[in-house]
Amino acid sequence: MEFTFEPNRPMKHVDRKALYTRLEARITYLRDFLDFNSGDVEALVAGSKYIKALIPAVVNIVYKKLLESDITARAFHTRDTADETPVEEFFTEDSPQIQRRKMFLRWYLIKLCSDPSQMEFWRYLNKVGMMHTAQERLYSLNIEYIHIGACLGFIQDIFTEALMSHPHLSLPRKTALVRAISKIIWIQNDLFAKWRIRDGEEYADEMSEIIVDEKEGYLGEKKILGDSSASASSSEDDRSSVHSGTVPSSTSACPFADLAKPASETKIWAGSN
Ligand code: HEM
């Protein structure tokens, strides 16, 4: 194998220990690696109304999925996916307990539409990650990573399909929005995984402490919810208004499915045969 040396090539330094001991350093590294930039922030700010319009449908679809298998549905009874105690009667989507939890997921998704240029945004995502790993003293919650990763992938897929099939948004805006959301979801994925993986465990004593208010729906902040209406209406997109999301009755997870035109070629595929 041949190596080419470039003596003057600039090289960024990343402090390994800081990745495990300082949340800000970890976020800076991930944002830089994923090239999460001002273009992504702009896309999210401009597109937040489209995301908000989708939230009620996304929440319903996610809970439908989580209640489909006993291993995930059981967690709403036991708070622990490793606890295989048989459950006599599983909650349904209409159970008050599930309705309440749907509200938490709605708050979370609304929070995802807030300002990612603030460190507080990432701290919140980190707390959500931590609270699923049985580290809270009261009301401990243990959701094993396999379900978290699958669920994040599922959420990403719903957003991708829904936004890409939006009837009136231009392709560049759809693309920008889907890319920005994907980057956030991948950083959220890291902020779930980092509580589970053993990398950097030699720094365990120095890992920054996070104090989480154990009251439900609060997660260490006064109030997560800024805007109580998750189904914010959207009045000005590229052509006209977007339909606010409701659960589709068809098998498709896409709230815009009925309105979607046949998929057109995107730039990346154009010209390739
Ligand atoms: C994949 C991404 C996920 C996100 C972003 C997420 C987010 C959240 C949030 C924001 C809360 C409420 C926190 C609060 O008290 O304010 C919560 C609680 C909870 N989550 Fe998740 N979650 C995810 C995956 C899962 C999965 C896969 C399961 C089950 C298999 C699950 C089960 C629960 C349970 C049981 C609670 C506690 C609800 C309660 O205290 O009544 N979560 N989650």
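Scroll up to find the structure.
Residues numbered from 1 in each chain as written. Predicted model: local features only at pLDDT ≥ 70, side-chain atom pairs only at ≥ 80, totals over all residues. Heavy atoms only, no water.

Colleague: Just checking my understanding: could you explain the overall build of the chain for this structure?
Modeller: Helix and strand counts for the chain come out as nine helices and zero strands. Across the chain, helices and strands are ordered from the amino to the carboxyl terminus as α-α-α-α-α-α-α-α-α. A total of 273 residues make up the chain; the buried ones form 44% of that total. Across the chain, every contact between residues at least 6 apart in sequence was considered, and the portion connecting residues at least 24 apart equals 73%. Put simply, the chain shows about 16300 Å² of open surface, and 53% of that area lies on carbon and sulfur atoms. (Helix = DSSP H or I, 4+ residues; strand = E, 2+ residues; numbered from the N terminus. Buried < 20%, exposed > 50% of the residue type's maximum accessible area, 1.4 Å probe, protein only. Contact = heavy atoms within 4.5 Å. Areas by Shrake-Rupley, 256 points an atom, 1.4 Å probe, with all protein chains shown as cover.)

Colleague: Whenever I open this one, the environment of R79 confuses me. Can you help?
Modeller: Here R79 lies in the loop between α5 (75–78) and α6 (96–112). Look at R79 and you get partly exposed, because its relative accessible area is 24%. Within the structure, the side chain of R79 is placed 3.4 Å from the backbone oxygen of S140, a separation counted as a polar contact. (Polar contact = N/O pair within 3.5 Å; in protein donor to acceptor, adjacent residues only side chain to side chain.)

Colleague: What exactly am I supposed to notice about the pattern of salt bridges here?
Modeller: Two side chains that carry opposite charge are able to pair once their charged atoms sit near each other. Inspection of every chain in the model, using the stated rule, returns 11 salt bridges. A salt bridge links D40 to K183; the nearest nitrogen and oxygen atoms lie 3.0 Å apart. Remark: K183 occurs in helix α9 (residues 171–193) and D40 occurs in helix α3 (residues 38–66); sequence separation between them is 143 residues. Grouping residues by exposure puts D40 and K183 together as buried. A single network of salt bridges, built from pairs that share partners, joins K64, E93 and K102. (Salt bridge = Lys/Arg side-chain N within 4 Å of Asp/Glu carboxyl O.)

Colleague: Hey, could you run me through α3 in this one?
Modeller: Every α-helix carries 3.6 residues per turn, so stepping three or four residues along brings you back to the same face. The first and last C-alpha atoms of α3 sit only 34 Å apart over 29 residues, clearly below the 42 Å expected at 1.5 Å per residue. Its axis deflected by about 60° at G47, α3 carries its strongest bend there. Counted residue by residue, α3 has 22 buried out of 29 residues, so it is predominantly covered. Capping of α3 at its N-terminal end is provided by N37; its side-chain oxygen lies 2.9 Å from the backbone amide nitrogen of G39. (Expected span 1.5 Å × (residues − 1). Bend = angle between axes of the 7 residues up to and from the residue.)

Colleague: Please explain the nonpolar core as it appears in this structure.
Modeller: In globular proteins that are soluble, nonpolar side chains generally tend to be buried together. Core analysis: the biggest nonpolar cluster contains 56 residues, and L109, W122 and L125 have the highest contact counts within it. Of all the elements in the fold, those that place two or more residues in this core are α2 (23–33), α3, α5, α6, α7 (119–131), α8 (145–164) and α9. If you tally residues by element for this core, the top one is α3, at 13 residues. In contact with W122, not counting residues within four places along its chain, are L23, I27, R31, F36, P116, I184, I187 and L191. (Core = buried A, V, L, I, M, F, W, Y, C linked by side-chain atoms within 4.5 Å.)

Colleague: Explanation requested: the coordination of the iron atom of the ligand in the structure shown.
Modeller: Under ideal tetrahedral coordination, the four donors around a metal are separated by 109.5 degrees; under ideal octahedral coordination, the six donors are separated by 90 or 180 degrees. In this structure, the iron atom of the ligand receives exactly one donor atom from the protein: H132 (NE2), at 2.2 Å. In this fold, H132 is placed in the loop between α7 and α8. (Donors = N, O, S within 2.8 Å, 3.2 Å for Na, K, Ca; no water.)

Colleague: What's the story with the packing of α3 against α8 in this structure? I'm lost.
Modeller: To characterise two packed helices, one gives the angle between the axes of the helices and the distance between these axes. Put simply, α3 and α8 touch, their axes get as near as 10 Å, and they point 135° apart. The angle between the axes of α3 and α8 places the two elements in the oblique class. Seen from above, α3 lies across α8 with right-handed handedness. The residues of α8 that touch α3, namely those facing Y50, I51, L54, V58, I61, V62, K65 and L66, are C151, F154, I155, I158, F159, A162 and L163. Residues of the contact of α3 with α8, tallied by class, amount to 14 nonpolar, no polar and one charged. (Axes fitted to C-alpha atoms, helices over the stretch in contact; angles between N-to-C directions. Parallel < 35°, antiparallel > 145°, perpendicular 65-115°, else oblique. Left-handed = near helix turned anticlockwise from the far one by under 90°. Nonpolar A, V, L, I, M, F, W, Y, C, P; charged D, E, K, R; others polar.)

Colleague: What is the right way to look at the environment of Y139 in this model?
Modeller: By the element assignment, Y139 lies in the loop between α7 and α8. Each C-alpha atom of the pair Y139 and R79 lies 8.2 Å from the other, and the pair is 60 residues apart in sequence.

Colleague: I'm lost on the packing of aromatic side chains in this one. Help?
Modeller: Applying the stated criterion across every chain, the model contains seven aromatic pairs. Look at F36 and W122: their rings are 5.8 Å apart centre to centre, the planes differ by 85°, and that puts the pair in the edge-to-face class. With F36 in the loop between α2 and α3 and W122 in helix α7, this residue pair connects regions lying 86 residues apart in the sequence. When sorted by exposure, F36 lands in the same class as W122, which is buried. (Phe/Tyr/Trp six-rings, centres within 6.5 Å; stacked < 30°, edge-to-face > 60°.)

Colleague: Looking at this structure, how should I read unusual backbone geometry?
Modeller: Leaving glycine out, the prevailing phi sign among residues is negative, and the prevailing peptide bond configuration is trans. You will see that D35, though not glycine, has its phi angle at about 55°, which is positive. Within the secondary structure, D35 is located in the loop between α2 and α3. Backbone geometry at R79 places phi at a positive 60°, although glycine is not the residue there.

Colleague: Just checking my understanding: could you explain the packing of α2 against α9 for this structure?
Modeller: Their axes nearest at 11 Å, the elements α2 and α9 cross at an angle of 140°. For the pair α2 and α9, the sense of crossing is right-handed. Across the interface between the two elements, L23, R26, I27, L30 and R31 of α2 pack against I187, D190 and L191 of α9. A per-class count over the contact of α2 with α9 returns five nonpolar, no polar and three charged.

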